[in-house]
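# Topology and contacts: notes
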Amino acid sequence: MKASLHAGRLLARRYRLIDQIGAGGMSVIWRARDEVLDRIVALKVLAPSLAADARFRDMVREEARSAAQLVHPHVTAVHDYGETVAPDGGITSFVVMELLAGEELEHRLTAGPLPWPEAVEIGAQVAEALAAAHRLGIVHRDITPANVMMTQVGAKVLDFGIATRVGAPDEDEDGGTFGTPAYVAPERLDGAPAQPATDVYSLGVLLFETLTGQPPYAADTWEQLSAALDEAGPPTLDGVPGLPPAVADVCLRCLARDPRRRPTAHQLATVLRDQLLPADPQAATMLAPTVTLPALPAPAAPGPDLRHPAVGPHPVAAAPPRPATDDEPARPAPDGDASAGAGRRRSGGRRPRSLLVVVGVVVVGGGALLTPTLLPDEQPSPGGLPTSGPVVAPSATPSSPAPTSTRPSPRPTRPAPTTSGATSLPPAGGLIEAANRMDGLIEAGLAAGEIRDDVGVDLRNLLRNAVAATGEGALTTAVDRLRAKIGERQREGSISPAYAQRLDAAAAQLAATQA
């Protein structure tokens, strides 16, 4: 493989190899430039012995096609699959993936076990990624610390490009079992096909190792694994300082010999997420800083263009302290690890508090500040919000007054949802009004903990796409995507069922403006 692949070689007339960044028994990883889309990607090039097998190439192509459908914030994206034929007839088979910057969890664990909140955060993120894969019928088969990358946006699961379908034969080209022995579920040693429960077992091993510094059954070969399973006693987490009993219980249930006793990936993620929240709601309020109310602009300050992601946070009014959620301040990365993924972990200290704002000011200014705006950068007319016509952001002129700014708070909080809710507003009179109402509903759901943070970003991006849609049927198609995403996120538990219904109704109003 090294003789035929070298820096500068062009694969499939598109991917220019830059340098080799990793290697394993089945493949070599190259950094490459996609010369069509002008971006840097990772190429997993299969070993020549595997690429020469047409059956194996077909399997990898189908698995890459399935993995490309898996879009999740904690999964490495699969972009493409390709094959090239050299002049000597040799076949190069490769999978094109997202190139990540960060640190492998395996490397981080060389310094010892992690604090339990950090380990639980990583476990929850990997569990959420597996839950999304299992819903599509995809099983990873090799969840290990080497296949989890810690990035600035949290954990990313690698190697879904060689995942397989639920129930597919679990053998490599030599008839052996796929996977890393210490992380393989016992039933797979008996020839059972990969199932979601086998991934959950592997994640249980990973969680156990992040908490203790070593897997429950240390093994480098299948023979050593069989012996360890037969001879070793049941694993325990009694020595982990401060570990909540619920975490210990669910981790050990993941390691159950009987697959039917293991939780699902979604159930595991839910238990782990619950343990990251303060048990005492009164104590949770101590973690949320109060925001100083900015001065009321006159006229109302223009809002961001709905067609583009917002650069900064929405201006918000002061709200009563609320229970902390998953987006609380991250624990600082260890010294010297600038690229470590910052999972949403809680720090032990408190942040400085801003001055409280008197209730009277909130009553006077709340109406103007609590409603998020998605209009383009133009002054609102006295007649109200525009209800039709294209959304065009006017260019700035020298005579335009400079926007007034207010002193930012240490960390803005979201406005608390009102008792009336977004659905109590009258039917939409126009696309922008309907979009504004839906954005306000998303904001209120985030504040109430009914919508997970990354899902809120996802929904807002789809909402912007809907407003920017042009052409016959484009709005309907965009809204259909938005409603499908709402349903998908509700099924995975990222949106509460009640709030999913409200969001779906708001999306339906958005589509009705086209009539």
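See the structure above.
Before going into details, it helps to say that this report is about the structure given with it. Predicted, not measured: the structure shown is a model, and the values here were computed from it.

### Looking at the packing of helix 4 (residues 116-135) against helix 6 (residues 196-212)
In contact at an axis separation of 9 Å, helix 4 and helix 6 are set at 165 degrees when each is read in the N-to-C sense. Comparing their axes, helix 6 and helix 4 come out roughly antiparallel. The crossing of helix 4 and helix 6 is right-handed. Packed against helix 4, whose contacting residues are W116, A119, V120, G123, V126, A127, L130 and H134, the element helix 6 presents P196, D199, L203, L207, T210 and L211 at the interface. Taken together, the residues that form the contact of helix 4 with helix 6 break down as 10 nonpolar, three polar and one charged.

### Observations regarding the pairing of strand 5 (residues 78-85)
Sheet topology note: the strand 5/strand 6 (residues 91-98) ladder contains seven bridges and is antiparallel. Across the sheet, V85 pairs through a bridge with I91, a residue of strand 6.

### With respect to the nonpolar core
Counting residues in each nonpolar core, the largest one holds 67 residues, and the members touching the most others are V126, F160 and L211. In terms of residue count, the dominant contributor to this core is helix 4 (12 residues). Look past the residues within four positions of L211 in its chain and what remains in contact with it is P113, W116, A119, L237, V240, L243 and V247. Core analysis: the next-biggest nonpolar cluster, separate from the first, contains 27 residues, L446, L459, L462 and L475 among them.

### Looking at the sheet that holds strand 3 (residues 27-34)
The antiparallel open sheet is built from six strands, whose spatial order is 1-2-3-4-6-5. Lying at the two open borders of the sheet, with one neighbouring strand each, are strand 1 (10-11) and strand 5.

Parameters and conventions
Residues numbered from 1 in each chain as written. Predicted model: local features only at pLDDT ≥ 70, side-chain atom pairs only at ≥ 80, totals over all residues. Heavy atoms only, no water. Axes fitted to C-alpha atoms, helices over the stretch in contact; angles between N-to-C directions. Helix = DSSP H or I, 4+ residues; strand = E, 2+ residues; numbered from the N terminus. Parallel < 35°, antiparallel > 145°, perpendicular 65-115°, else oblique. Left-handed = near helix turned anticlockwise from the far one by under 90°. Contact = heavy atoms within 4.5 Å. Nonpolar A, V, L, I, M, F, W, Y, C, P; charged D, E, K, R; others polar. Pairing = 2+ DSSP bridges. Core = buried A, V, L, I, M, F, W, Y, C linked by side-chain atoms within 4.5 Å. Buried < 20%, exposed > 50% of the residue type's maximum accessible area, 1.4 Å probe, protein only.

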